[in-house]
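# A closer look at the structure
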Amino acid sequence: MERREEENGKLEEAQPSTDGSICGFQSLHHLLKASLQPHLYQEVSRLLLGLNCGKPLENIALPESAKALSLEHGFDLQAYCFHADKEQLRESRIVRVGLIQNSIASPTTAPFLDQRGAIFEKLKPIIDAAGASGVNILCLQEAWTMPFAFCTREKRWSEFAEPVDGESTQFLQDLAQKYNMVIVSPILERDVKHGETIWNTAVIIGNNGNIIGKHRKNHIPRVGDFNESTYYMEGNTGHPVFETAFGKIAINICYGRHHPLNWLAFGLNGAEIVFNPSATVGELSEPMWPIEARNAAIANSYFVASINRVGTEIFPNPFTSGDGKPQHADFGHFYGSSHFSAPDASCTPSLSRYQDGLLISDMDLNLCRQLKDKWGFRMTSRYEMYAELLAQYIKPDFEPQVVSDPLLHKKSS
């Protein structure tokens, strides 16, 4: 597999973001580095970020044009490299992957057309930086074309819904073709052929500008302000894996990351990289953020790319959550902290907690098979036993397999 090269061959030991952001375990080492002796810091870093092929992750030197765009437009830019062991019978399969996290570009009170246009304008230079850096596969955040208004329960936000081949796809198709780059575009989809039904959908755009396919969000939250079932319900596309020019990818949209079987299904279908475009706030999920994706990468022997939007979005009309708290006009802070996780338990530091950002990673997809061979999870799993339990569990007369101590309920004499 070929990758476009500029002045990006230089590698050095990875350094965390310098903005002071913290994402669970991911960037805690940034705070510890200044206070620990070097050998203790190395040990802490090993435990928090893991080792890739026995070594800390390395930085990738990106082209000056990408750095210039980062400085001009004020977005965080980081790049790391995941290696795999050299094999005798297979060439390395290196793919360069990018993630974009961003805040909205206009107030939620602005006309919808202006809001969407401002997002397009804001993301264009970040996508250009990804293209200049030779990114092969790029993924945007969940519902990137709009504010995450699903907390409000106001139906007017449904106006942002568009067909799979709508304006946002057309905007990205030109860029995908220009940069020979696969782009994953999570949007609010309007299914015109099925009665204007609305879905939370990821559109996969090929590196030739073609539409490869789509996947609809499998799991819909009903937690706190996440009133998403007001707008759309659980998806009906299963667990598709999309074979692209640069590898087999899947999209586990947001809340699906809390469901281990959802991760498993993408792995069973052969995914090598699973993207998790999300919109989640600190008070609700931040302690889970660095753990679930990393665990999924380990358990399923694939790479995971986690994306979360940034910022606090203020809405014109206050709303409540049904939890007894006073009405409020915002969802909470979207904490960014996008990162990559690898099947060998290594992971990158995260992007900023507060700033727009582009995170880039080179990953040798040979690492997926190497970890399958090492751990044998596919061979040691007991799928037939799990299938039997699930087949029983979904029946109305299911009885849990519980063996009680016969003396537990015996009356004392």
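Residues numbered from 1 in each chain as written. Predicted model: local features only at pLDDT ≥ 70, side-chain atom pairs only at ≥ 80, totals over all residues. Heavy atoms only, no water.

### Let's talk about the nonpolar core
Inside soluble globular proteins, nonpolar side chains tend to come together where they are buried. Within the largest apolar cluster, 34 residues are counted, with the highest numbers of intra-cluster contacts made by Ile-127, Leu-138, Trp-144, Leu-172 and Leu-358. Elements represented by at least two residues in this core include exactly α3 (64–73), β3 (76–82), α4 (112–132), α5 (167–179), β6 (182–191), β7 (197–205) and β18 (357–364). In terms of residues, this core owes the most to one element, α4, which gives seven residues. Not counting residues within four places of it along the chain, the set of residues in contact with Ile-127 comprises Ile-100, Leu-138, Phe-171, Leu-172, Leu-175, Tyr-179 and Met-181. Listed in part, the 33 residues of the second largest apolar core include Tyr-80, Val-184, Phe-246 and Ile-251. (Core = buried A, V, L, I, M, F, W, Y, C linked by side-chain atoms within 4.5 Å. Buried < 20%, exposed > 50% of the residue type's maximum accessible area, 1.4 Å probe, protein only. Helix = DSSP H or I, 4+ residues; strand = E, 2+ residues; numbered from the N terminus. Contact = heavy atoms within 4.5 Å.)

### Looking at the sheet that holds strand β13 (residues 273–278)
One open sheet accounts for five strands, arranged β11-β12-β13-β14-β17; its pairing is mixed. Of all strands in the sheet, those bounded by a partner on one side alone are β11 (242–244) and β17 (339–341). The mean inter-strand angle of the sheet, taken between neighbouring strand axes irrespective of direction, is 25 degrees. Note: strand β12 (residues 247–251) against β13, three bridges, orientation parallel. Bridged to Ala-250 within β13 is Val-274. Helix α6 (residues 260–268) contacts β12, β13 and β14 (303–308) of the sheet and is inclined by roughly 145 degrees relative to β13. The sheet contacts of helix α8 (residues 289–300) involve β13, β14 and β17, and relative to β14 the element is tilted by about 155 degrees. (Pairing = 2+ DSSP bridges. Axes fitted to C-alpha atoms, helices over the stretch in contact; angles between N-to-C directions.)

### Topic: the pairing of strand β4 (residues 94–101)
Every regular strand shows the same layout, with side chains that alternate between the two sheet faces. Burial within β4 is extensive, with seven of its eight residues counted as buried. Two elements, β4 and β18, share eight bridges in a ladder whose sense is antiparallel. Paired with Ile-100 across the strands is Leu-358, a residue of β18. Strand direction decides the pairing type here: β4 and strand β5 (residues 137–139), joined by three bridges, are parallel.

### Overview of the packing of α4 against α5
Running from N to C, α4 and α5 point in directions that differ by 15 degrees, and their axes come no closer than 11 Å. Here α4 is positioned roughly parallel relative to α5, judged by the angle of their axes. Read as a crossing pair, α4 and α5 show a hand that is right-handed. In contact with Arg-116, Phe-120, Lys-124, Ile-127, Asp-128, Gly-131 and Ala-132 of α4, α5 contributes Glu-167, Ser-168, Phe-171, Leu-172, Leu-175, Lys-178 and Tyr-179. Taken together, the residues of the contact of α4 with α5 sort by class into seven nonpolar, two polar and five charged. (Parallel < 35°, antiparallel > 145°, perpendicular 65-115°, else oblique. Left-handed = near helix turned anticlockwise from the far one by under 90°. Nonpolar A, V, L, I, M, F, W, Y, C, P; charged D, E, K, R; others polar.)

### Focus on empty space enclosed by the protein
Think of a ball as big as a water molecule: rolled over the atoms, this probe shows where empty space is left. One pass over the full model with this rule turns up one cavity of 30 Å³ or more. Its volume calculated, the largest cavity comes out at about 30 Å³. Lining the largest cavity, in full, are Ile-104, Ala-105, Ser-106, Gln-115, Arg-116, Ile-119, Thr-145, Met-146, Pro-147 and Phe-160. Looking at the lining of the largest cavity residue by residue, the class counts come to six nonpolar, three polar and one charged. (1 Å grid on protein atoms, 1.4 Å probe; cavity = no way out; pocket = protein on both sides within 12 Å on 5 of 7 lines; lining within 4 Å. Points joined across faces, edges and corners; volume = space filled by probe spheres on them.)

### Comments concerning the confidence of the model for the protein
When the pLDDT values of the protein are averaged, the result is 92; 91% of them are 70 or greater. Note that pLDDT drops below 50 for residues 1–13; the model gives that stretch 44 contacts with residues more than four away or on any other chain. Below a pLDDT of 50 lies the segment residues 15–26, which in the model reaches 42 contacts outside its immediate sequence neighbourhood of four places, other chains included. (pLDDT = per-residue confidence, 0-100.)

### Describing the pairing of β18
Judged by how many residues are buried, β18 sits mostly within the fold: eight of eight residues are covered. Alignment of β3 against β18, held across seven bridges, turns out to be parallel. Bridge pairing links Tyr-80 to Ser-361 in β18.

### Focus on the pattern of salt bridges
Under the definition given, this model contains 21 salt bridges. As a salt-bridge pair, Arg-216 and Asp-191 come within 3.3 Å of each other at their nearest N and O atoms. Placement of the pair is Arg-216 in strand β8 (residues 211–216) and Asp-191 in strand β6, with a sequence separation of 25 residues. Within the structure, one salt-bridge network assembled from shared partners comprises Glu-189, Asp-191, Lys-214 and Arg-216. (Salt bridge = Lys/Arg side-chain N within 4 Å of Asp/Glu carboxyl O.)

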